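In case you want the letters, here they are:
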Amino acid sequence: MKLLIFIYLLSSSLFAFESDCKALVRNHKRKLIVKTVKIKDLVSKTHFHGRYFKVLKRNSEDAIAFNSPDSFRACTVYYHSTLAKDYFKNNFELKRLQRPRAIKLRIEMNLGFEESVHMMHENNGLFYNNAVTIPPSTNSRIIDKPWFYEIWFAPKKPVKIDSSIYRASELVTSGPFMSSLLLGVGQSQATTIGIDLIRGTEFGAGFYTKTLALSIGVTAIVPSLLKWLSKPFKQTLYLDSAMIPEVIYHEYSHYALSEFLSIDKHAPVVEGVANYFAAIIGKTDSILDSTRGHSKGLVEISAKDTKNYKYSMEDKKYAQLDFSFKFLYAIKKTFGQEVGTSIIFNAIKLLSNRTGRELKSDLIPALKEAITKNHNSITNHFKFNSLLQEFGF
Amino acid sequence: MKLLALLFTFTLSLKLIACEVKPLNSCRDSYTKHISKSKTKRALRSINKDKLLKKKIDNIFNKATIKTTHQEIFKSLLKIPSLKSRYEICQQDTEHDKESLYCLKYTLSKPIYYSYAKENLDATATIILLSKLSDSKKSAFTGTLSSYARKVSLLRKSYLKNQTNTTSSTSPLSQKKFLKKFGRLKKLTPRQHTLFKFNYSQIKHMGKIMQSFEKRILALKSGLFFDYDGDGENDETYFLDEADKYRMSVKLLKLELQKKSNSGEIFSGSKPDFHDLLVASNELGLISDKDLQSMVELPFLYEPKTSPWKKAGEITWAIGKGLIMAIPGANLYSIIPIVLIESYATSREQQNETSDLHLFTF
């Protein structure tokens, strides 16, 4: 058996090919440009099939050919996944990466995932503007063929949502905001009457009643009118997940760290960690920035400012929001990339012993323990505590 | 240009290496607002010309010990013939009475500035000597020269015991950006502030307080216990999270300092602040210079502060809003922007208001 493994490893390293293809990459100004890149570790000379990755279209099991119309998208996915793999392999000891096993990268994948059947039937609906890391098959599988980890990149499809003007006017016409406005109108009217009385230039009760009614009417009607007028104007939303490097890094991070952070737990901590490593691999402090033509209407996840912790941030609904990313990135800024990333990685390892995935009750104790075990100094503890106060924990 | 920069760096590094610890120079002071640079340069230039005078002044300061008082230094300086005659001429010429410090200041400030430039005195010792020549009100806050020298000597012994790095470097709390006031003395560095305000025993006690504060911060678990029936066994333990543990430690520290200064115990009325604790721990060698350097830069180390700009902005907004609302006609048009701005500010405040989740607040 050992001999077989040795022969396999020897042959796979001897027969690994390289090839050139066109991919979407970021230039020094962080703009997405088309560039010819070298892809490595290929086991096929004609297809995107390598030792670590096999790029497939939708539910097909055949790798995409270099001369296929999808080769640009396939090359982008293969190239950036390799970058992410190299980062994790060079920096951390991960069981998952020690024994190479190709994971399937499915582009244009609009089918849904279900753990008993792998891919759902089209009748269950089609999926767009998303990317997802698929866990390997378990005992709940009811189909014959088992599957390993896969990353599915859904195609982009413009979706119409309410415009920002409509959402703003909806907020203005909501109860508390409107009552503040009307109270303000009443106060200003009272001030005017008061000043007129002092000056002796009052106009009589009828005049003031009419003015007040007019002011209240205008204040109440204008935002509602704006809301009504802006209703037909829709905002477009889409995401071409296979063409954005940070999305590819994000999904690969889920796979690389899955021995510690199970990917089926869609928690803010899990998403924040994947965003953190995506930003580190992409050498950026924001996700989804400068993605014109490949994403629209989605909020950029940025580490530029801080936010205060609220208990609602533990909710799975907000897993994709930026709080946990901001907090983890602030650790990197405070401790420096090497120490900060080491603290985060060691904390993730410690998290694998815990069942919970909450920011406050799981991640923070794990970070504290990681600092104590690997970077124990009073300055580091003060730095960490200063960060906790800054983020309102 | 590069050569000049290299030469400057070389001179600077030579200067840093050259600082030799002496009874009146701790080599820990770097900045002071109280010593005029031009006067120091003039004194150095002028005394360097007179080799005999220079030698005699150097001799006096080199012989100084931790027991030397300022009176002894002044007396020795006035024995130098050229300084003595200058002092006597001043006394004859001026209308000031003989008890006045004017002539003493006129005669001795130059040798003091010179000795500061020659690094026979550090900035704090220089401030003490200059204060003894001028203002008795200021002088009351500086303490005596010998007490400063004794304090520095004891602190250095403790520093060398606790720190492996024995090279004397400037205290991170001797910088311009943390200036503070002590009585009549303004713009003191935190190190000067602590050394003027507290004696050695008090500084040592502050070090102990800081050590227990540190232990609490480093603790892996902390909490509150409840003994329902008083049998000495904990019936319920509430574990504190890391952020609450930190806030509780800060609160305990504050209470401890308040208690010790109010009760007439060791601090008797002069409550130390967080900078004093940091200076004390650093001077005693409990916190290294490197650690202190990164600690003093941290926001929220002690408690969040509202910036003066923010306060000024709040006042301007309140006045401006009042004025606009008082102008008939204009007030009606200003309601929507005012309500929008205030709603935004309130929502931001509410977003930042998390104290309801905290068991302890600063």
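What counts, and where the lines are drawn
- Residues numbered from 1 in each chain as written.
- Chains lettered and ligands numbered in written order.
- Predicted model: local features only at pLDDT ≥ 70, side-chain atom pairs only at ≥ 80, totals over all residues.
- Heavy atoms only, no water.
- Helix = DSSP H or I, 4+ residues; strand = E, 2+ residues; numbered from the N terminus.
- Rg over C-alpha atoms; globule rule 2.2 N^0.38 Å.
- Buried < 20%, exposed > 50% of the residue type's maximum accessible area, 1.4 Å probe, protein only.
- Contact = heavy atoms within 4.5 Å.
- Areas by Shrake-Rupley, 256 points an atom, 1.4 Å probe, with all protein chains shown as cover.
- Lys, Arg positive; Asp, Glu negative; His and termini not counted.
- Charge placed at Lys NZ, Arg CZ, Asp CG, Glu CD.
- Polar contact = N/O pair within 3.5 Å; in protein donor to acceptor, adjacent residues only side chain to side chain.
- Expected span 1.5 Å × (residues − 1).
- Pairing = 2+ DSSP bridges.
- Buried area = accessible area lost by both parts, 1.4 Å probe.
- Salt bridge = Lys/Arg side-chain N within 4 Å of Asp/Glu carboxyl O.
- Nonpolar A, V, L, I, M, F, W, Y, C, P; charged D, E, K, R; others polar.
- Disulfide = S-S within 2.5 Å.
- Phe/Tyr/Trp six-rings, centres within 6.5 Å; stacked < 30°, edge-to-face > 60°.
- Lys NZ or Arg CZ within 6 Å of the ring centre and 35° of its normal.
- Axes fitted to C-alpha atoms, helices over the stretch in contact; angles between N-to-C directions.
- Patch = residues over 30% accessible without salt bridge, like charges linked within 9 Å, V, L, I, M, F, W, Y side chains within 5 Å.
- Parallel < 35°, antiparallel > 145°, perpendicular 65-115°, else oblique.
- Core = buried A, V, L, I, M, F, W, Y, C linked by side-chain atoms within 4.5 Å.
- Left-handed = near helix turned anticlockwise from the far one by under 90°.

Along chain A, the regular secondary structure elements total twelve helices and 13 strands. Against the globule reference of 21 Å for 393 residues, chain A gives a C-alpha radius of gyration of 27 Å, more extended than a compact globule. Looking at chain A as a whole, 51% of its 393 residues qualify as buried. Partitioning the contacts of chain A with sequence separation of at least 6, the portion at a separation of at least 24 is 68%. Carbon and sulfur atoms provide 57% of the accessible area of chain A, an area that totals close to 19300 Å². On chain A, the mean spot of the 53 positive side-chain charges and the mean spot of the 36 negative ones are 3 Å from each other.

Residues and elements named next belong to chain A. Along the chain, the position of D289 falls in the loop between β11 (286-287) and β12 (295-296). The exposure class of D289 is buried, given its relative accessible area of 11%. Only 3.5 Å separates the side chain of D289 from the side chain of S286, close enough to count as a polar contact. Not counting chain neighbours up to four residues away, the residues in contact with D289 comprise R26, R30, T284 and E300.

So, about helix α6 (residues 205-230) of chain A. Between its first and last C-alpha, α6(A) extends 38 Å over 26 residues, near the 38 Å set by a 1.5 Å rise per residue. When α6(A) is considered as a whole, its buried residues turn out to be Y208(A), S215(A), T219(A), P223(A) and S230(A).

Attention shifts here to the pairing of strand β2 (residues 185-188) of chain B. All names here are of chain B. The pairing of strand β1 (residues 180-182) with β2 spans two bridges and is classified as antiparallel. The partner of K180 across the bridge, within β2, is L188. Taking the residues between adjacent antiparallel strands as the criterion, β1 and β2 are bridged by two residues, where G183 takes a positive phi near 55 degrees.

This paragraph deals with the interface of chain B and chain A. Listed as interface residues are 38 residues of chain B and, on the opposing side, 35 residues of chain A. In total, chain B and chain A occlude about 3200 Å² of area from one another, counting both sides; carbon and sulfur atoms represent 70% of this. Of the charged contacts in the structure, one is a salt bridge between D241(B) and K360(A), with a shortest N-O distance of 3.4 Å. Viewed at the interface, chain A and chain B are joined by ten residue pairs in polar contact (both at pLDDT 80 or more). Within the residue set of the side of chain B that touches chain A, elements represented by two or more residues are α11 (200-218), α12 (242-262), α14 (289-296) and α16 (330-352) of chain B. Here the residues of the side of chain B that touches chain A sort into 23 nonpolar, eight polar and seven charged.

Turning to the state of the cysteines, a few remarks are in order. Evaluated as defined, the whole model comprises two disulfides over all chains. Sulfur-sulfur distance for the disulfide between C21(A) and C75(A) comes to 1.9 Å. Across the disulfide from C21(A) to C75(A), rotation about the S-S bond amounts to roughly 70 degrees, and the bridge is consequently right-handed. Separated by 54 residues along the polypeptide, C21(A) in strand β1 (residues 17-26) and C75(A) in helix α2 (residues 71-91) bring together distant segments of the chain. In terms of burial, C21(A) and C75(A) fall into one category: buried. The disulfide that involves C90(B) links it to C103(B), with 2.1 Å between the sulfurs. On the sign convention where negative means left-handed, the S-S torsion of about -80 degrees between C90(B) and C103(B) marks this disulfide as left-handed.

Two aromatic rings are characterised by how far apart their centres lie and by the angle between their planes. Counting across every chain of the model gives 34 aromatic pairs over all chains. Aromatic pair F88(A) and F92(A): ring centres 6.1 Å apart, planes at 40 degrees, arrangement tilted. Across the pair, exposure class does not vary: F88(A) and F92(A) are buried alike. Centre to centre, the rings of F382(A) and Y246(B) are 6.4 Å apart; their planes meet at 80 degrees, and the pair counts as edge-to-face. Residue F382(A) is located in helix α12 (residues 378-390), and its partner Y246(B) is located in helix α12; the two belong to separate chains. A cation sits over an aromatic face here: K85(A) above Y52(A), 3.9 Å from the ring centre. Seen from the ring of Y159(B), R28(B) lies directly overhead, with NZ or CZ sitting 5.3 Å from the centre.

Attention now moves to the sheet that holds strand β7 (residues 131-134) of chain A. Residues and elements named next belong to chain A. Ordered in space as β3-β4-β8-β7, the four strands form an open sheet in which the pairing is mixed. For this open sheet the edge positions go to β3 (53-57) and β7, each flanked by a neighbour on one side alone. Between one strand axis and the next, the sheet turns by 20 degrees as a mean value, whatever way the strands run. Of the strand pairs in this sheet, β7 and strand β8 (residues 150-153) are connected by four bridges, and their pairing is antiparallel. For V132, the partnering residue across the bridge sits in β8 and is W152. Contacts between helix α7 (residues 245-256) and the sheet are confined to β3, β4 (103-107), β7 and β8, with β7 contributing the most and set at about 20 degrees to the helix.

Time to look at a negative patch on the surface. Residue and element names in this part refer to chain B. The grouping of D229, D231, E233, D235 and E236 at the surface amounts to a negative patch. Along the chain, E233 turns up in the loop between β3 (223-226) and β4 (236-239). Taking the relative accessible area as the measure of exposure, E233 reaches 53% and is therefore exposed.

Here we take up the packing of helix α10 (residues 190-197) of chain B against helix α13 (residues 274-283) of chain B. Residue and element names in this part refer to chain B. Relative to each other, α10 and α13 sit at 85 degrees, their axes nearing to 9 Å. What the angle tells us is that α10 and α13 run roughly perpendicular. Residue-level inspection shows P190, R191, H193 and T194 of α10 in contact with α13, the latter providing H275, D276, V279 and E283. Partitioned by chemical class, the residues of the contact of α10 with α13 number two nonpolar, three polar and three charged.

Let's shift gears to the nonpolar core. In this structure, F88(A), F277(A), F327(A) and F393(A) are the most contacted members of the largest nonpolar core, which totals 87 residues. Of the residues forming this core, the biggest block, nine residues, is contributed by helix α8 (residues 268-281) of chain A. Filtering out sequence-adjacent residues up to four positions away, F327(A) remains in contact with L363(A), I364(A), L367(A), F384(A), L388(A), F391(A) and F393(A). With 69 residues, the next largest nonpolar core counts I128(B), L185(B), L195(B) and L292(B) among its residues.

Turning our eyes to something else, we now look at the packing of helix α11 (residues 359-374) of chain A against α12(A). Residues and elements named next belong to chain A. Where α11 contacts α12, the axes come no closer than 10 Å and their chain directions differ by 160 degrees. Considering the angle they form, α11 stands roughly antiparallel to α12. In the crossing of α11 with α12, the sense of the turn from one axis to the other is right-handed. Together, I364, L367, K368, I371 and T372 of α11 and N380, H381, F384 and L388 of α12 make up the contact between the two elements. Looking at the contact of α11 with α12 residue by residue, the class counts come to five nonpolar, three polar and one charged.

Another aspect to go through is unusual backbone geometry. A negative phi angle is the norm for most residues apart from glycine, just as the trans form is the norm for most peptide bonds. All names here are of chain A. One non-glycine residue, R58, lies in positive phi territory at about 50 degrees. Phi angles above zero are rare outside glycine, and E108 is one such case at about 55 degrees. Along the chain, E108 turns up in the loop between β4 and β5 (113-114).

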